[in-house]
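Given next are the chains, with one letter for each unit.
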Amino acid sequence: MAALAVLAIVAGMAGCGDAEPAAELGRGTRLLLITMTDSAFSPDKFEVRVGESVTFRFVNTGLVRHEAVIGDLTYQDAHAQMMEDFSTAPVAGPPGQSRRAMRHPGMNDPNAVVVEPGQSAELTFSFARAGQIFIGCHETGHWDAGMQASITINP
Ligand SMILES: [Cu+2]
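Report follows, based on the coordinates.

Quick notes on the rules
- Residues numbered from 1 in each chain as written.
- Predicted model: local features only at pLDDT ≥ 70, side-chain atom pairs only at ≥ 80, totals over all residues.
- Heavy atoms only, no water.
- Donors = N, O, S within 2.8 Å, 3.2 Å for Na, K, Ca; no water.
- Buried < 20%, exposed > 50% of the residue type's maximum accessible area, 1.4 Å probe, protein only.
- Helix = DSSP H or I, 4+ residues; strand = E, 2+ residues; numbered from the N terminus.
- Polar contact = N/O pair within 3.5 Å; in protein donor to acceptor, adjacent residues only side chain to side chain.
- Contact = heavy atoms within 4.5 Å.
- Core = buried A, V, L, I, M, F, W, Y, C linked by side-chain atoms within 4.5 Å.
- Salt bridge = Lys/Arg side-chain N within 4 Å of Asp/Glu carboxyl O.
- Phe/Tyr/Trp six-rings, centres within 6.5 Å; stacked < 30°, edge-to-face > 60°.

### With respect to the coordination of the copper ion
Point 1. Surrounding the copper ion are the protein donor atoms His-66 (ND1), Cys-137 (SG), His-142 (ND1) and Met-147 (SD), at 2.0 to 2.5 Å.
Point 2. Between consecutive donor residues of the copper ion, the sequence gaps follow H-x70-C-x4-H-x4-M.
Point 3. Here His-142 falls in the buried class, since its relative accessible area comes to 12%.
Point 4. On the accessibility criterion, Met-147 (0% relative accessible area) is buried.

### Some points on the side chain of Asn-60
Point 1. Considering the arrangement of structural elements, one finds Asn-60 in strand β4 (residues 53–60).
Point 2. Taking relative accessible area as the criterion, Asn-60 reaches 2% and is therefore assigned buried.
Point 3. Side-chain polar atoms of Asn-60 contact the backbone oxygen of Val-115, separated by 2.9 Å.
Point 4. A polar atom in the side chain of Asn-60 sits 3.5 Å from the backbone oxygen of Glu-116.
Point 5. Aside from chain neighbours lying at most four places away, what touches Asn-60 is Met-36, Arg-65, His-66, Val-115, Glu-116, Pro-117, Gly-118 and Gln-119.

### So, the nonpolar core
Point 1. Core analysis: the biggest nonpolar cluster contains 24 residues, and Phe-41, Phe-56, Phe-58, Ile-70, Phe-127, Ile-135 and Ile-151 have the highest contact counts within it.
Point 2. Those elements giving two or more residues to this core turn out to be β1 (30–37), β3 (45–49), β4, β5 (66–71), β6 (112–115), β7 (120–126), β8 (131–136) and β9 (148–154).
Point 3. When near neighbours in sequence (up to four residues on either side) are disregarded, Ile-151 contacts Phe-46, Val-48, Phe-56, Ile-70, Phe-127, Gly-131, Gln-132, Ile-133 and Ile-135.

### Some points on the environment of Ile-70
Point 1. Within the element layout of this structure, Ile-70 appears in strand β5.
Point 2. Separated by 63 residues in the primary sequence, Ile-70 and Ile-133 place their C-alpha atoms 7.2 Å from one another.
Point 3. Ignoring anything within four residues of it in the chain, the contact list for Ile-70 reads Phe-56, Phe-58, Tyr-75, Gln-76, Asn-111, Leu-123, Phe-125, Ile-133, Phe-134, Ile-135 and Ile-151.

### Section: unusual backbone geometry
In terms of backbone geometry, most residues other than glycine have negative phi values and most peptide bonds are trans.
Point 1. A cis geometry characterises the amide bond from Asp-38 onward to Ser-39, with omega recorded as 5°.
Point 2. Structurally, the position occupied by Ser-39 is in the loop between β1 and β2 (40–42).
Point 3. Geometrically, the link from Ser-42 to Pro-43 is a cis peptide bond, its omega value of -5° lying close to zero.
Point 4. Relative to the helices and strands, Pro-43 is located in the loop between β2 and β3.

### Some details on the pattern of salt bridges
Point 1. A complete count under the given rule lists 4 salt bridges for this structure.
Point 2. In this structure, the salt-bridge partner of Glu-52 is Arg-30, at a minimum N-O distance of 2.7 Å. Here Glu-52 is found in the loop between β3 and β4, whereas its partner Arg-30 is found in strand β1, with 22 residues between them in sequence.
Point 3. Take Glu-52: its relative accessible area is 16%, and that puts it in the buried class.
Point 4. Here Arg-65 ties to Glu-139 by a salt bridge, and the two come within 3.2 Å at their closest N and O atoms. Of the two residues, Arg-65 sits in the loop between β4 and β5 while Glu-139 sits in the loop between β8 and β9, which places them 74 residues apart along the sequence. The burial state of Arg-65 is the same as that of Glu-139; both residues are buried.
Point 5. It is possible to trace a salt-bridge network through shared partners that takes in Arg-65, Glu-116 and Glu-139.

### Section: the packing of aromatic side chains
Point 1. Throughout the structure, instances matching the rule amount to 5 aromatic pairs.
Point 2. Aromatic side chains Phe-46 and Phe-56 sit 6.0 Å apart centroid to centroid with 85° between the ring planes, which places their arrangement in the edge-to-face category. With Phe-46 in strand β3 and Phe-56 in strand β4, this residue pair connects regions lying 10 residues apart in the sequence.
Point 3. Residue Phe-46 is classed as buried on the basis of its relative accessible area, which comes to 7%.
Point 4. An angle of 90° between the planes, with centres 6.5 Å apart, marks the rings of Phe-56 and Phe-127 as edge-to-face. Placement of Phe-56 in strand β4 and of Phe-127 in the loop between β7 and β8 is noted, with a sequence separation of 71 residues between them.
Point 5. Residue Phe-56 is classed as buried on the basis of its relative accessible area, which comes to 0%.
Point 6. Taking relative accessible area as the criterion, Phe-127 reaches 4% and is therefore assigned buried.

If you want it as structure tokens, here you go:
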């Protein structure tokens, strides 16, 4: 339920409009729009600078749920493993609740967001070190299908 509340807050923020001062919304100094389709991110390459604060707004125009996990490949692997563990774990929820309807543990991850079809959500990030990280979707099969984007962090 906490996860749903987070989504509601994000949706509410989006409704405030871009005229709001960025600081009051917890926004980064730059807004990057990313479209989620079945199954890809568009665009799939981004460049930022160390120290820059960026808000990524993910818009799911596909027909299925997608997620965006931001981190290096180790982080992507860990998240993928967590998703797999979760999908094979016994269902621990109210009777009749399908696993697909449940929020997976990554929903509590500040580096991840789940976006239902037709919805949007945001993640705000600042970048401490130069290098390359990734945006990945780890819904079953999506990463392997190419649902990944790169973020190059320039010094
Ligand atoms: Cu996906």
